[in-house]
Amino acid sequence: MPTCRRKRVVLTEPSEALLQAAKSNPNKEVYYLQQTGEIFETYEAYAARMSFYRLKQFQCEVTGKSGLDYFQALESEQQEAQTMHSRFPEPLKAAVLKAVQWQVVGRLDHLVEAVFDRFKDRYFVDEKVFVDAQGDKFYAKVVQVHPPKTKSDDVDVPAENQASSSSVTSPPHVIVDDDAVQIHKVGGDLKIPAKEALVRDDPLKYSYKVQILEEQHEKSHEKGKAASKDKAKWSGSFMDVQCSVMSRDRLAFSKSILRRFIRDCVDRDAAVASPWTVKPVIAKHYGVDSVMPEETRKGVEDIKRGEIDKRKKIWEDKEGPPTKKQKKMTAAQEERVKALAVAAEKREREAREKAERQQKAKEEAERLAAEKKKKKPIRYPTEDLDVRLNDKEKKAGLKVKKPTPSKLGVPFGENQGTFEAFLTSWNFLVIYGQPLHLSTFTMDEFEHALRHSLVDPPCALLGEIHSTLIYNLRTVPFTRHSAVLSLLRLQDTLEEEHRVLSVSIDELAGAMADVGNNWERIPLRHNEMRDGWEEALLGCLKDHATLDNFPRLREVLTRLLFAPEPHAEVSSSSSSSRVSSPAANNLTVQSSPSERYYALPPADRIDILTLMCNLAVSSKAVHSHMESCEEQLTALRKEKIEIGRQKKQYTEEMNSLAGETEVKEPGTNGTVPDEDTTMHESSDLSDVPSEDGSETASTSSARQKRSARQKDLRQKAHTQAHAKQRELARAQAASAKQALAEHRRLDEEVNKLERRLEAIEREFRKLLGAVRIKPLGKDRFHNRIWWFDGMGSASLLGSGGVVQYGTGRIFIQGPSEMDLELMLKKEDDDYEARRLEEEGPEGMLAPSEWAQYAEPEELDEFLAWLNPKGVRELALKNSFIKWWSHIAPGMRKRISDLNISAKLPEARRSTRTKPSGHDISREPYMMWTNRRAVNSV
C-alpha cells in the first residue's frame with residue numbers, strides 16, 4: 001500500500017447514508033473511482049480525492065521511491081511485488097508464511113532475521129538449488145527430502161559427506177510421504193527457541209535427492225572444453241546430497257527479498273504487542289490457518305499484558321506512584337520523608353529558577369536577533385509591496401499617490417466588456433494587416449467608424465475591414481446554414497410564440513433564406529467600393545456563426561434583416577439621444593443588410609468583428625504570417641548578436657587608438673630639449689678661457705682658427721638636430737592625424753551599429769506582436785501597463801522619420817484574480833488600505849477594468865510615482881525609458897490631430913439626415929484609404 005508522509009493511505013469507505021440510499025434506490029448515480037474502487041456521492045468529494053491522489057507526495061512502500069502520485073506508487077508496488085513473487089521460491093512460501101503467522105515481534109527486521117536463520121539450510125521438494133559436487137557447481141531440482149534416519153536405518157547412511165550419483169533408472173531410496181512426516185516441522189516453528197530447534201531438528205541430518213537440470217545454464221566458471229564434457233555427463237542424473245553442499249540463488253533467497261516477501265504478505269494492527277498475521281487472501285491460497293489457536297491467543301494476550309504493565313511501570317516511575325492509603329510510618333520514617341520533601345522542594349525551586357533564567361536569556365537573544373535583523377540593510381530591488389516611502393523620501397518630493405487614470409476616456413468605456421472586444425478586434429486587424437491586405441488605421445479612426453450611422457456617404461473603412469475578413473474566412477472550413485440550424489435547435493427549447501424584437505425564429509429563418517447564399521463567390525472589388533459587402537457579411541454569418549460562438553446571433557440577425565415601422569424610424573432618427581425608443585424595438589418590416597447595417601449599435605458591430613477575427617485566426621494566411629514572423633525573429637536575434645560583437649570589437653580598437661595617442665604625446669615634448677641642453681653645456685665648456693696668460697701671437701691665431709672651426713661644427717650639429725626634430729614632429733603629427741581619422745571612422749561605424757540596433761528593436765517589436773503580445777510591465781499593485789503602438793503591420797516611424805501612432809495612449813488594466821488572491825494573502829500588510837492611500841478610490845481598478853493615460857504630463861507623473869526599488873516597477877520604468885522616444889511623441893501627435901479635428905463637429909453626433917454646414921467626408925476616418933488593397937482581390 002502506498003504511503004503518504006510515512007503513513008499508509010486508507011481507502012475511503014462509502015458513508016452509511018450512501019449505503020442506505022443505494023439500498024432504497026439501486027439506480028442512484030454515484031461517482032466511481034475505478035483505480036481504487038472507491039465510491040463518492042458528490043463530484044466535489046470525487047474531485048478532492050482525485051486531486052489528493054495526483055499530488056507528488058506518495059512513496060512506494062516496496063522500493064522506497066518518493067515524489068510519486070498515488071497511482072504511480074501503486075503501479076511501482078505491483079510491479080515490484082510481481083517481480084519478487086516470481087523470484088521467491090514457490091515451495092518455500094507456504095513454510096515461511098506458516099512460520100511468521102501469529103508471531104509477536106516488534107520490528108520487521110528482527111522477524112526477517114529469525115526466518116532467514118531458520119530456513120537458510122532447510123530445503124523443500126521442487127526447489128531449484130545449486131549443488132557443489134567434486135569442485136563444480138550444478139543447477140539442480142530437489143526431488144525428495146529424507147528426514148533424519150532412525151537408529152535402525154543408520155547403516156544405510158554413507159560415512160562420508162560426499163554427494164553420490166545414480167543413474168536416472170536407479171531405484172530410489174525410501175520415499176517419505178509429506179502427510180505422514182512433516183518436513184522441517186520443528187525447525188520451521190519460530191515459537192521453539194533456535195537452540196532447541198537445532199537440537200531436535202538438525203538440518204545437517206537431512207538428506208536430499210536432487211536431479212541435475214540440463215536445460216538450465218550452469219553458474220560455475222568453466223575453463224576449457226574438457227570441463228564442459230565432464231559436466232555434460234551429469235545432466236539428468238540424480239544425486240543424494242546434504243545441505244552442506246547445497247545453496248540457493250541469491251536473487252531468489254536473501255534477507256532483502258525475504259523482507260519484501262514478508263512485508264507484502266503480512267500485516268499487523270497498531271495496538272501494543274499485536275501479532276503479525278498473514279493477509280486472508282494469501283493465507284487461504286497457501287493453506288495457512290487464519291483462525292488463531294486458543295493456546296496462541298492466550299500467549300499473545302500474556303505478551304500484550306506484560307508489555308502494557310512494563311510501559312505502565314515506566315510511566316509510574318516518571319510520574320510517581322498513584323495515590324493510595326499509606327501505612328502509618330514511624331518517627332524516623334517521618335523525619336526521613338520530611339527531609340526528602342524539603343530536598344525535593346529545594347531541587348524544584350532551583351530547577352524553576354534555572355528555567356526562568358534560561359527563558360529570560362532566550363528572550364534577550366531573540367530580541368537582539370530581531371534588532372539585528374531590523375538593522376540589516378535591505379537589498380534592492382525587492383518585492384514592490386515591501387517597499388515603503390520613508391519620511392526623508394517624502395520630504396524629497398517623491399510622490400505618494402498615483403495620478404488617477406481616466407476610465408471614461410477609453411473607447412466605449414461605459415461597458416468594459418465592449419471595450420475589451422473592441423481592443424481585441426482593432427489589435428488583430430492592425431497586427432495582421434499584411435496577410436489581410438489591410439492598411440493600418442488608428443484606434444480613434446476605428447472608433448469613429450464603428451459609430452458611423454449614415455448610409456450615404458458610406459464609410460470606406462468599414463467596407464474594407466469586413467471585405468478583407470470575408471475574403472479570409474472563405475478559406476476557413478464552415479458548415480452550411482449553421483446559424484439557421486443553431487436557431488432551430490434553440491426553438492425546440494422555447495415556447496411556440498417566443499419573439500425577439502417582435503420577430504419569431506421562423507420569420508427570421510424565412511428572411512435569411514434568400515440573402516447571402518453565395519457569399520464566398522461574391523466579388524467585392526476595391527475599385528467598386530466593395531459593393532455588396534453587407535449581403536456577403538450576412539451569408540458569412542449564416543455559415544460560420546452559431547449560438548455557441550456568437551451568443552447574440554438572433555438579435556444581430558434580426559436587426560440586420562428587419563426594420564421598424566417608417567414613422568417609428570423617423571421619430572427615433574430625429575432624436576439625438578442614443579437610447580432607442582420602444583417603437584424602434586419592434587422590427588416588423590423586412591429589409592436588407594445594406595440598409596440596416598448602419599442602424600446597428602456599435603456593440604453589435606464589435607461583436608460581429610470579434611467573431612470574424614476569432615475565426616480568422618485559424619486561417620492559413622494568418623498561420624503562414626505567424627510562422628514567417630518567427631523565422632524573421634530568429635534572424636533578427638542572430639543579427640543582434642553579431643552587431644553586438646562588431647560593436648565590442650570597434651570599441652576595443654577605439655580604446656587602443658586613444659591609448660597609443662596618449663603614450664606618443666609625452667615623448668614628443670621631452671626628447672629634443674635634452675639633446676639641446678647637452679649641446680649647450682658642451683659649448684659653454686669649450687668657451688672657458690685658458691689659464692696661461694702669456695701666450696704668443698701665433699698660438700692665439702691657431703686658437704682662433706680652431707675656435708671658428710668648432711663653432712661651424714656646433715652650428716652644423718644644431719641645424720641637423722633641428723631638422724631631425726622637425727621630421728619627428730611631422731611623423732608624429734601624421735600618425736596622430738591618421739589615428740584620429742581612424743578613431744572617427746570607428747566612431748561612425750559604432751553609431752551606424754547603434755542606429756541599426758534601434759531599428760532591430762523596432763522591427764523586433766513589430767514581429768513579436770504578431771506572435772504574442774506582452775505588456776510593458778506591472779506596477780506594485782499588479783496593474784498591467786499596455787502600449788499597443790508599433791506592432792504587426794504598424795510602424796513607429798513613417799517615411800522621413802515622421803512619428804506615427806496607433807493608440808497614442810497608455811492603457812492600465814486591473815490586476816487579475818490570481819494576483820489579487822496573492823496580495824490579499826499577505827498577513828503583515830493592509831493591502832486594501834494601502835491601495836486606497838496610494839491609488840485613491842477612483843484610481844483603484846477591479847479585475848478586467850481598464851483606464852488610460854492620454855497626455856504626456858499624466859504619464860510623467862506616473863513615472864515619477866514608480867519606485868525603482870521594487871522589482872516590477874524597476875522593470876516597468878526601464879521599459880518606459882527604452883521606448884520613451886516613441887511613446888511621448890506619439891501621444892503629442894495624437895493630441896495635435898484631435899485638436900485639428902476638434903474644430904469640426906464630431907462624426908458620432910451625425911444623424912441619418914446629412915447636417916448642413918458640415919462635410920462629414922472630411923473627417924479623418926472617412927478620408928482613410930486602403931493602399932494595400934490596390935493589387936489584391
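Residues numbered from 1 in each chain as written. Predicted model: local features only at pLDDT ≥ 70, side-chain atom pairs only at ≥ 80, totals over all residues. Heavy atoms only, no water.

As annotated in an unreviewed UniProt entry, the protein chain carries the name Chromatin remodeling complex protein and is attributed to Suillus plorans. Listed under Subcellular location (unreviewed entry) in UniProt, the entry text for the protein chain is "Nucleus". (UniProt positions renumbered as here; feature names shortened; annotations may be inferred.)

Draft legend 1. Structural detail: the sheet that holds strand S2 (residues 7-8). Strands sit in the order S2-S1-S5 across an open sheet of three strands; the sheet is antiparallel. The sheet terminates laterally at S2 and strand S5 (58-59), the two strands that pair on one side only. Pairing of strand S1 (residues 3-4) with S2, which is carried by two bridges, proceeds in the antiparallel orientation. The residue bridging Thr3 from the neighbouring strand is Arg8, located in S2. (Pairing = 2+ DSSP bridges. Helix = DSSP H or I, 4+ residues; strand = E, 2+ residues; numbered from the N terminus.)

Draft legend 2. Quick look at the packing of helix H16 (residues 460-473) against helix H23 (residues 602-616). The N-to-C vectors of H16 and H23 enclose an angle of 35°; their axes lie 10 Å apart at closest approach. Here H16 and H23 pass one another in a crossing that is left-handed. Counting all contacts with H16, which are made through Leu462, Ile465, His466, Leu469, Ile470, Asn472 and Leu473, the residues of H23 involved are Arg605, Leu609, Met612, Cys613, Leu615 and Ala616. Residue composition of the contact of H16 with H23, grouped by class: ten nonpolar, two polar and one charged. (Axes fitted to C-alpha atoms, helices over the stretch in contact; angles between N-to-C directions. Left-handed = near helix turned anticlockwise from the far one by under 90°. Contact = heavy atoms within 4.5 Å. Nonpolar A, V, L, I, M, F, W, Y, C, P; charged D, E, K, R; others polar.)

Draft legend 3. Highlighting the side chain of Asp543. Position of Asp543 among the secondary structure elements: in helix H19 (residues 533-544). For Asp543, the side chain forms a polar contact with the main-chain nitrogen of His481, separated by 2.9 Å. (Polar contact = N/O pair within 3.5 Å; in protein donor to acceptor, adjacent residues only side chain to side chain.)

Draft legend 4. Representation of the nonpolar core. Counting residues in each nonpolar core, the largest one holds 95 residues, and the members touching the most others are Leu429 and Leu469. Apart from the residues lying within four places of it in its own chain, the contact partners of Leu429 are Leu436, Leu438, Phe441, Phe446, Ile465, Leu469 and Cys613. Core analysis: the second largest hydrophobic core is formed by 30 residues, Ala95, Val100, Phe116 and Leu258 among them. (Core = buried A, V, L, I, M, F, W, Y, C linked by side-chain atoms within 4.5 Å. Buried < 20%, exposed > 50% of the residue type's maximum accessible area, 1.4 Å probe, protein only.)

Draft legend 5. Quick peek at the packing of aromatic side chains. Applying the stated criterion to the full structure yields 35 aromatic pairs. A ring pair is formed by Phe419 and Trp850, whose centres lie 5.4 Å apart and whose planes are at 70°; its orientation type is edge-to-face. With a gap of 431 residues between them, Phe419 in helix H13 (residues 416-431) and Trp850 in strand S19 (residues 850-853) connect regions that are remote in the sequence. Exposure class is identical for Phe419 and Trp850. Each is buried. Every member of this aromatic cluster is reached through a ring pair, and the members are Phe52, Tyr53, Phe58, Tyr70 and Phe71. Between Arg248 and the ring centre of Phe253, over which it is positioned, the NZ or CZ distance is 4.7 Å. Directly above the ring of Tyr471 sits Arg474, whose terminal nitrogen or CZ lies 4.4 Å from the centroid. (Phe/Tyr/Trp six-rings, centres within 6.5 Å; stacked < 30°, edge-to-face > 60°. Lys NZ or Arg CZ within 6 Å of the ring centre and 35° of its normal.)

Draft legend 6. Summary view of the sheet that holds strand S16 (residues 777-778). Taken together, four strands build an open sheet; the order of strands is S16-S17-S18-S19 and the sheet is antiparallel. This sheet does not close on itself; its edge strands, each paired only once, are S16 and S19. In terms of strand pairing, strand S18 (residues 810-813) meets S19 through four bridges, oriented antiparallel. Across the sheet, residue Gln813 finds its bridge partner in S19, namely Trp850.

Draft legend 7. Representation of the environment of Trp426 in the model. Along the chain, Trp426 falls in helix H13. In sequence terms Trp426 and Thr610 are 184 residues apart; their C-alpha atoms lie 9.3 Å from each other. Beyond its immediate chain neighbours, meaning those up to four positions away, Trp426 contacts Phe441, Thr442, Met443, Phe446, Phe788, Gly806 and Thr807. For Trp426, the side chain forms a polar contact with the main-chain oxygen of Phe441, separated by 3.2 Å.

Draft legend 8. Quick peek at the environment of Leu462. Looking at the element boundaries, Leu462 is found in helix H16. Look at Leu462 and you get buried, because its relative accessible area is 0%. Note: C-alpha distance between Leu462 and Tyr925 (463 residues apart in sequence) is 9.7 Å. Those residues in contact with Leu462 that sit more than four places away from it in its chain are Ala449, Leu450, Trp533, Tyr597, Tyr598 and Arg605.

Draft legend 9. Region of the structure containing a negative patch on the surface. A cluster of acidic residues, Glu855, Glu857, Asp860 and Glu861, forms a negative patch on the protein surface. Looking at the secondary structure, you find Asp860 in helix H29 (residues 856-865). (Patch = residues over 30% accessible without salt bridge, like charges linked within 9 Å, V, L, I, M, F, W, Y side chains within 5 Å. Areas by Shrake-Rupley, 256 points an atom, 1.4 Å probe, with all protein chains shown as cover. Salt bridge = Lys/Arg side-chain N within 4 Å of Asp/Glu carboxyl O. Lys, Arg positive; Asp, Glu negative; His and termini not counted. Charge placed at Lys NZ, Arg CZ, Asp CG, Glu CD.)

Draft legend 10. Just the packing of helix H3 (residues 70-87) against helix H8 (residues 255-265), in detail. In the contact formed by H3 and H8, the axes pass within 10 Å of each other and the chain directions differ by 115°. The crossing of H3 and H8 is left-handed. Two secondary-structure elements touch here, H3 through Glu80, Ala81, Met84, His85 and Arg87 and H8 through Ile257, Arg260, Phe261, Asp264 and Cys265. Its residues placed into classes, the contact of H3 with H8 shows five nonpolar, one polar and four charged.

Draft legend 11. Region of the structure containing the side chain of Arg263. Among the secondary structure elements, Arg263 is positioned in helix H8. Discounting chain neighbours no more than four positions away, the residues touching Arg263 are Glu61, Val62 and Leu108.

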